[in-house]
Amino acid sequence: MTKLFDALYSKDVIKHVRSPKNMGEMENPDGVATVGNPVCGDVMRLYIKVDPKKDTIKDIKFQTLGCGAAIATSSIITTMAKGKTLDEAGKITDEGLAEALGGLPKVKMHCSVLAADGLRKAIKDYRSKKF
Amino acid sequence: MRQIYLDNAATTPVVSEVFLSMKPYFLKKYGNASEPHQMGQEARLGVEEAREKIANFFNANLEEIIFTSCATESINLAHKGLIEALNLKNPHIITSSVEHKAVLETCKYLENRGLATVTYLPVDEFGSVRLEDLEKAITKDTVLVSIMYANNEVGTIQPIKEIGELLKKQDHKIYFHTDATQAIQYLDCDVDHLGVDLLSFTGHKIYAPKGVGALYIRKGTPLRSQMRGGSQEGRMRAGTENVPYIVGLGKAIELVKERSDKSQVVRLQKQLIKDVLKIPGVKLTGHPTNRLPHIASFVVEGVEGESLILLLSDKGILASTGSACTASDLNPSHVLSAMGIPPEISHGSLRFALGKDTTQEDIEYVGKVLPGIVERLRKMAPKL
């Protein structure tokens, strides 16, 4: 279905801003990464707990300072990544996030890029700490 | 859910008196105001009555008021029209770094086309231009000074009268334009008191519809039309007159005059500021006293503006922000930046703009709801 115009936010984005999933700090995370910078306005921190036997994400949390898209993408990435293997989770893309949110305005796509990047960096952090 | 509209600096609703004044000109009095027949003359009367109301408001003559589609168009006409008409080799314009984009982009355009050089005056931490800076910037080539009457983002009032007096003392004529868009409702707009040659404003900040504005042009000011075609508006702005909207604008101006008591807005603004400043890590932006009574802008530490607006909107409170996240170019507010506020701080900008109908309950509700939202967003943010 084509959109007539690049409207601001879909209902799903607003839902996540209103009730974000898996928000908060994690004590003793297995992997953590902070992406973005305050100058552009978005900062996201992703925490993961990994099941070492199955190599899956046991638990995942996020913290974000940013706009609606920043909050929504970091929130939804936690729901998409939970339970997945590290390999699968690392393959989540910005487009995948935007699709899951019912679309994002072009100008907000950089938020989904940041969230996907943050998760990959958290996974990398875990892997680097393992060895 | 009750809606509390506190974004009146962005736009205002059309009030019923204005709407009713416009109605006959859509379905009944729809003639083209340039036609000599009865219906044309009826429409013409509507336009000229509006013009008279507006001229009276500014203490101007009828022929000094030109109708446009908005303040942006008026501003474009004023700047480009003057430079073109003067036809000088090296015209110099002085404006401020906190003007509305309509002024800034028009000046940038003139610069890029090699049609003028422009000085953008810095402002102090409150967003005020300093007269000394203006005086120092004036050269023999300066032909236009363009300073907004009051800032739309932070509400700071500029020293327009003093600038007018300063320009009169110069050894050559320097034309003076002011964007009075936010000032119409609350400040003295007598063009002789202000000493301006050009003044732009729009209807949709004063309870008239979006799509109509006007430009005051002091008699004798050279100006080239930017809209060519028919000879409407004394050949200064072609295009069939937007009769109903012009009538609405006239009515809205008349109502501004009638609504002279600002004490309610002043009182509510004071209370809003007091309540919001109770939240830790919040600062008021703009001049503490020399400010418009309806705009109250803040910077909130540790939160981002758009998310504030979304959560406030969820609770029925409609406000606005200068956060970079809401700009299509992702740049932070140029006004806050000019005031020395770094991007990390201007991110948390929050602007309330009260309206004529804002009530005590509205303000109390904001005071009740805002702290919780700020706390929630601060908890959501990672500790850096």
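Structure report, in brief. Computed from a prediction, not measured in an experiment: that's the story for all the values here. (Residues numbered from 1 in each chain as written. Chains lettered and ligands numbered in written order. Predicted model: local features only at pLDDT ≥ 70, side-chain atom pairs only at ≥ 80, totals over all residues. Heavy atoms only, no water.)

**Observations concerning the overall build of chain A**
For step 1, the next point in the chain: Regarding its fold elements, chain A presents five helices and three strands.
For step 2, the next point in the chain: From first element to last, N terminus to C terminus, chain A shows the α and β order α-β-β-β-α-α-α-α.
For step 3, the next point in the chain: Taken over the C-alpha trace, chain A has a radius of gyration of 14 Å; the compact-globule value for 131 residues is 14 Å, and the two agree within 12%.
For step 4, the next point in the chain: Across its three principal axes, chain A shows a C-alpha extent of roughly 50 × 30 × 20 Å.
For step 5, the next point in the chain: Counting every position in chain A, which comprises 131 residues, the buried fraction comes to 49%. (Helix = DSSP H or I, 4+ residues; strand = E, 2+ residues; numbered from the N terminus. Rg over C-alpha atoms; globule rule 2.2 N^0.38 Å. Buried < 20%, exposed > 50% of the residue type's maximum accessible area, 1.4 Å probe, protein only.)

**Re the overall build of chain B**
For step 1, the next point in the chain: Along the backbone of chain B there are 14 helices and twelve strands.
For step 2, the next point in the chain: Relative to the compact-globule value of 21 Å for 384 residues, chain B shows a C-alpha radius of gyration of 22 Å, a close match.
For step 3, the next point in the chain: Overall size of chain B, expressed as C-alpha extent along the three principal axes, is 65 × 55 × 35 Å.
For step 4, the next point in the chain: Sequence-distant contacts in chain B: of pairs separated by 6 or more residues, those separated by 24 or more amount to 72%.
For step 5, the next point in the chain: A total of about 16300 Å² of accessible surface is found on chain B, and carbon and sulfur atoms cover 52% of it.
For step 6, the next point in the chain: Separation between the mean location of the 45 positive side-chain charges and that of the 46 negative ones in chain B comes to 2 Å. (Contact = heavy atoms within 4.5 Å. Areas by Shrake-Rupley, 256 points an atom, 1.4 Å probe, with all protein chains shown as cover. Lys, Arg positive; Asp, Glu negative; His and termini not counted. Charge placed at Lys NZ, Arg CZ, Asp CG, Glu CD.)

**Regarding the packing of aromatic side chains**
Residue and element names in this part refer to chain B.
For step 1, the next point in the chain: Counted under the stated rule, the structure contains four aromatic pairs over all chains.
For step 2, the next point in the chain: Aromatic pair Phe57 and Phe58: ring centres 5.1 Å apart, planes at 85°, arrangement edge-to-face.
For step 3, the next point in the chain: In this structure Phe57 comes out as buried when scored by relative accessible area, which is 14%.
For step 4, the next point in the chain: Aromatic pair Phe58 and Phe201: ring centres 5.2 Å apart, planes at 45°, arrangement tilted. Of this pair, Phe58 sits in helix α3 (residues 38-58) while Phe201 is found in strand β7 (residues 198-202), placing the two residues 143 residues apart along the sequence.
For step 5, the next point in the chain: Each residue in the set Phe57, Phe58 and Phe201 is aromatic and connected to the rest through ring pairs, giving one cluster. (Phe/Tyr/Trp six-rings, centres within 6.5 Å; stacked < 30°, edge-to-face > 60°.)

**Side note on the sheet that holds strand β2 (residues 65-68) of chain B**
All names here are of chain B.
For step 1, the next point in the chain: The strand order across the open sheet built from seven strands is β2-β8-β7-β6-β5-β3-β4, with neighbouring strands paired in mixed fashion. Since the sheet does not close on itself, it has two edges, and those belong to β2 and β4 (117-121), each with one partner. Each neighbouring strand pair of the sheet contributes to a mean axis angle of 20°, computed without reference to strand direction.
For step 2, the next point in the chain: Docked against the sheet, helix α9 (residues 243-258) engages β2, β7 and β8 (213-217), running at close to 100° with respect to β7. (Pairing = 2+ DSSP bridges. Axes fitted to C-alpha atoms, helices over the stretch in contact; angles between N-to-C directions.)

**What about the interface of chain B and chain A?**
For step 1, the next point in the chain: Counting from both sides, the interface comprises 23 residues of chain B and, opposite them, 28 residues of chain A.
For step 2, the next point in the chain: The largest per-residue losses of area from chain B upon contact with chain A belong to Leu310(B), Met380(B) and Pro382(B), which jointly make up 28% of the total buried on that side.
For step 3, the next point in the chain: Applying the counting criterion to the chain B and chain A interface returns three salt bridges.
For step 4, the next point in the chain: Glu306(B) is the salt-bridge partner of Lys108(A), the closest N and O atoms lying 3.0 Å from each other.
For step 5, the next point in the chain: Where chain B meets chain A, there are ten residue pairs in polar contact (both at pLDDT 80 or more).
For step 6, the next point in the chain: Counting residues per element, the ones that place at least two in the side of chain B that touches chain A are α11 (305-314), α13 (343-346) and α14 (360-380) of chain B. (Buried area = accessible area lost by both parts, 1.4 Å probe. Salt bridge = Lys/Arg side-chain N within 4 Å of Asp/Glu carboxyl O. Polar contact = N/O pair within 3.5 Å; in protein donor to acceptor, adjacent residues only side chain to side chain.)

**As for the pairing of β2(B)**
All names here are of chain B.
For step 1, the next point in the chain: Burial of β2 is two-sided: the residues Ile65 and Phe67 facing one way and the residues Ile66 and Thr68 facing the other way are all buried.
For step 2, the next point in the chain: Sheet analysis places β2 next to β8, joined by four bridges and oriented antiparallel. Looking at β8, one finds that Thr68 is bridged to Gly213.

**Let's talk about unusual backbone geometry**
Residue and element names in this part refer to chain B.
For step 1, the next point in the chain: Despite not being glycine, Asn87 has its phi angle at roughly 50°, a positive value.
For step 2, the next point in the chain: Take Asn87: it is sitting in the loop between α4 (71-86) and β3 (92-96).
For step 3, the next point in the chain: Residue Asn87 is classed as exposed on the basis of its relative accessible area of 66%.
For step 4, the next point in the chain: A positive phi angle is found at Arg235, which is not glycine, with a value near 65°.
For step 5, the next point in the chain: Overall, the relative accessible area of 60% leaves Arg235 in the exposed class.

**Focus: the environment of Arg44(B)**
Residues and elements named next belong to chain B.
For step 1, the next point in the chain: Its place among the elements puts Arg44 in helix α3.
For step 2, the next point in the chain: As a C-alpha pair, Arg44 and Pro244 span 200 residues in sequence and 11 Å in three-dimensional space.
For step 3, the next point in the chain: Dropping the residues within four chain positions of it, Arg44 is found in contact with Ala33, Ser34, Arg51 and Glu241.

**Some words on the pattern of salt bridges**
For step 1, the next point in the chain: In this structure the tally under the stated criterion is 28 salt bridges over all chains.
For step 2, the next point in the chain: For Asp87(A), the salt bridge is made with Arg127(A), and the minimal N-O distance between the two is 3.2 Å. Placement of the pair is Asp87(A) in helix α3 (residues 86-90) and Arg127(A) in helix α5 (residues 109-130), with a sequence separation of 40 residues.
For step 3, the next point in the chain: Among the charged side chains, a network of salt bridges with common partners joins Arg44(B), Glu48(B), Arg51(B), Glu233(B) and Glu241(B).

**Some words on the state of the cysteines**
All names here are of chain A.
For step 1, the next point in the chain: Taken as a whole and judged by the stated rule, the model has zero disulfides over all chains.
For step 2, the next point in the chain: We note that Cys67 lacks a disulfide partner, and the nearest cysteine sulfur, in Cys111, lies 3.8 Å from it.
For step 3, the next point in the chain: Classification of Cys67 by relative accessible area gives buried; the value is 0%. (Disulfide = S-S within 2.5 Å.)

**Considering the sheet that holds strand β12 (residues 349-353) of chain B**
Residues and elements named next belong to chain B.
For step 1, the next point in the chain: Taking strand neighbours across the sheet as the criterion, the three strands line up as β9-β10-β12 in an open arrangement whose pairing is antiparallel. At either margin of the open sheet sits one strand with a lone partner, and together these are β9 (282-285) and β12. Neighbour-to-neighbour, the strand axes of this sheet turn through a mean angle of 30°, independent of strand direction.
For step 2, the next point in the chain: Here four bridges tie β9 to strand β10 (residues 295-300), and the two strands are oriented antiparallel to one another. Looking across to β10, one finds that Lys283 is bridged to Val299.
For step 3, the next point in the chain: The sheet contacts of helix α10 (residues 263-276) involve β9, β10 and β12, and relative to β10 the element is tilted by about 10°.
For step 4, the next point in the chain: Each of β9, β10 and β12 touches α14; the most contacted strand, β12, lies at about 165° to it.

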